[in-house]
Every structure is written in structure tokens, then in C-alpha cells.
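# Descriptive analysis of the structure
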Amino acid sequence: MKLLLLVLASGLCLVPRAQAETTVKLSNVHLCCNACVKGVERSVAKLTEVTAEIDKDGGTVTFKAANDGAAQKAVTAMAAAGYHGKADNTKFAMKDDSGAKDEKVASLKITNIHMCCKACVRGLNKALSKVDGVTGNDAVEKVDSFTATGNFNAKALVQALHDAGFHGKVGK
């Protein structure tokens, strides 16, 4: 009987354990149109261990990943494609990798930002209107960069973009 229990117990050690799936939900993502949705889908298409559920109307993206590392890769890929969102788990919070300094500037170029259509540009303009000192910008649809002008805090501008669901970097 002891031998039978020992054999059964050792056999259980050989059974692969199911790995827990990692889920991360990003809210307040700028998803104004189907092209925005496709952009998020493309950003993670090569990540075989991740699936994305995108709710355009709710402005959310939920990643289901094989593990934490795969989930982080998806979040990073989405940011690199110009989208920003607030993660439901601080472990996967999007980083401010913009390069913006906490200082007043007269001009700031932002690159790698998603602006596929006129509604994206309107969303971006609405975000910039909330930044004290921004007086203009040259944002146009289907271009992944723009320059804001005025007398404003660079970090405040990036934060306004993040709050509106856009992610970008300070460019040259």
C-alpha cells in the first residue's frame, strides 16, 4: 500500500501544472475609430503568447498573456505604437519614457504617437488645450509626430497626452 501511494505521489509530480494566465486591462486608451483598434491589434500581432480584447466604445484594451513577461511585452508594444492606457495593476503600469523634462519650453516635438484620423487629431488638440501655455501645434492625421508651441511645461504636456490615451516621445 505504501508503495502504491509512493508511485501515485511521484506520478503527480510529473503532471505538468497549468500556468496561471496573466490578465491586464488598460483603460482610457484613445480608440476613436476602427483604424485605432487595428493599430493596437498590429502592435501585439507578433506576440504569440498574448491575445488582445479591445473595446473601442469603452476605451479599454485587455491583454491575456501566458505569463507576466508576455503581458509586459504587450503593454510595451502598445506604448511603442503610440497608445497609452491606465493599467488595472500597477505592476504593468505604462512607463513615462517620453524623455520630457519638468521645465518650461517654447516648442516641443512629440514622435511615435498614433494619429490615424481627424478624430485622433481632435482628441490630441483637446488634450493640448488643457495644458497651460500651449498656443498651437501642427498635428495632422496620418502623421506620427507633431510640434506644440507656446510657453508650457513639457512634462505637463506629456501627462495630458497620457490622460487622453496617447503615448509618444520627445523628438528632435
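A quick note: this is a predicted structure, and the numbers were derived from the prediction, not measured.

A few words on the pattern of salt bridges. Summed over all chains, the structure comprises five salt bridges. Ionic pairing is found between Glu 53 and Lys 64, a salt bridge with its closest N-O pair at 3.3 Å. With Glu 53 in strand β2 (residues 50-55) and Lys 64 in strand β3 (residues 60-65), this residue pair connects regions lying eleven residues apart in the sequence. Looking at Lys 64, the relative accessible area reads 28%, which means it is partly exposed. Put simply, Asp 96 and Lys 155 hold a salt bridge, and the shortest N to O gap is 3.2 Å. Of this pair, Asp 96 sits in the loop between β4 (86-87) and β5 (104-111) while Lys 155 sits in helix α5 (residues 154-163), and the two are 59 residues apart along the sequence.

A few words on the side chain of Thr 60. Mapped onto the elements of the fold, Thr 60 is located in strand β3. Once residues within four sequence positions are removed from consideration, Thr 60 is found in contact with Lys 25, Leu 26, Ser 27, Leu 31, Glu 53, Ile 54 and Asp 55.

Turning next to the sheet that holds β5. Reading across the sheet, the four strands line up as β6-β7-β5-β8 and stay open at both edges, with antiparallel pairing between neighbours. Of all the strands in the sheet, the pair left with one neighbour each is β6 (134-137) and β8 (169-170). Relative to β8, β5 runs antiparallel, the two being bridged by two bridges. Residue Thr 111 lies in a different strand from β8, and its bridge partner there is Lys 169. Relative to β6, helix α4 (residues 118-128) is tilted by about 160°, and along the sheet it contacts β6 and β7 (146-153). With respect to the sheet, α5 is in contact with β5, β6 and β7, its orientation differing from that of β7 by roughly 125°.

Taken residue by residue, the protein chain gives an average pLDDT of 91. The fraction at 70 or more is 89%. Confidence drops under pLDDT 50 across residues 3-17; counting only partners more than four residues distant or on other chains, this segment forms zero contacts.

In this section: α4. Of all the positions in α4, only Cys 120, Val 121, Gly 123, Leu 124, Ala 127 and Leu 128 are classed as buried. What you see down the axis of α4 is that its buried residues fit within an arc of 160°, all on one side. Looking at α4, the residues exposed on the side facing more than 90 degrees away from the buried face are Lys 118, Arg 122 and Lys 126. Looking at the packing, one finds that the buried side of α4 touches α2 (34-44), β6, β7 and α5.

Bridge count between β5 and β7: six bridges; the pairing is antiparallel. Residue pairing in the sheet places Ile 110 in a bridge with Phe 146 of β7. One ladder, built from three bridges, connects β6 with β7; its direction is antiparallel. Bridge assignment links Asn 137 to a residue of β7, and that residue is Ala 148.

Reading the values: the criteria
- Residues numbered from 1 in each chain as written.
- Predicted model: local features only at pLDDT ≥ 70, side-chain atom pairs only at ≥ 80, totals over all residues.
- Heavy atoms only, no water.
- Salt bridge = Lys/Arg side-chain N within 4 Å of Asp/Glu carboxyl O.
- Helix = DSSP H or I, 4+ residues; strand = E, 2+ residues; numbered from the N terminus.
- Buried < 20%, exposed > 50% of the residue type's maximum accessible area, 1.4 Å probe, protein only.
- Contact = heavy atoms within 4.5 Å.
- Pairing = 2+ DSSP bridges.
- Axes fitted to C-alpha atoms, helices over the stretch in contact; angles between N-to-C directions.
- pLDDT = per-residue confidence, 0-100.
- Arc of directions from axis to C-beta.

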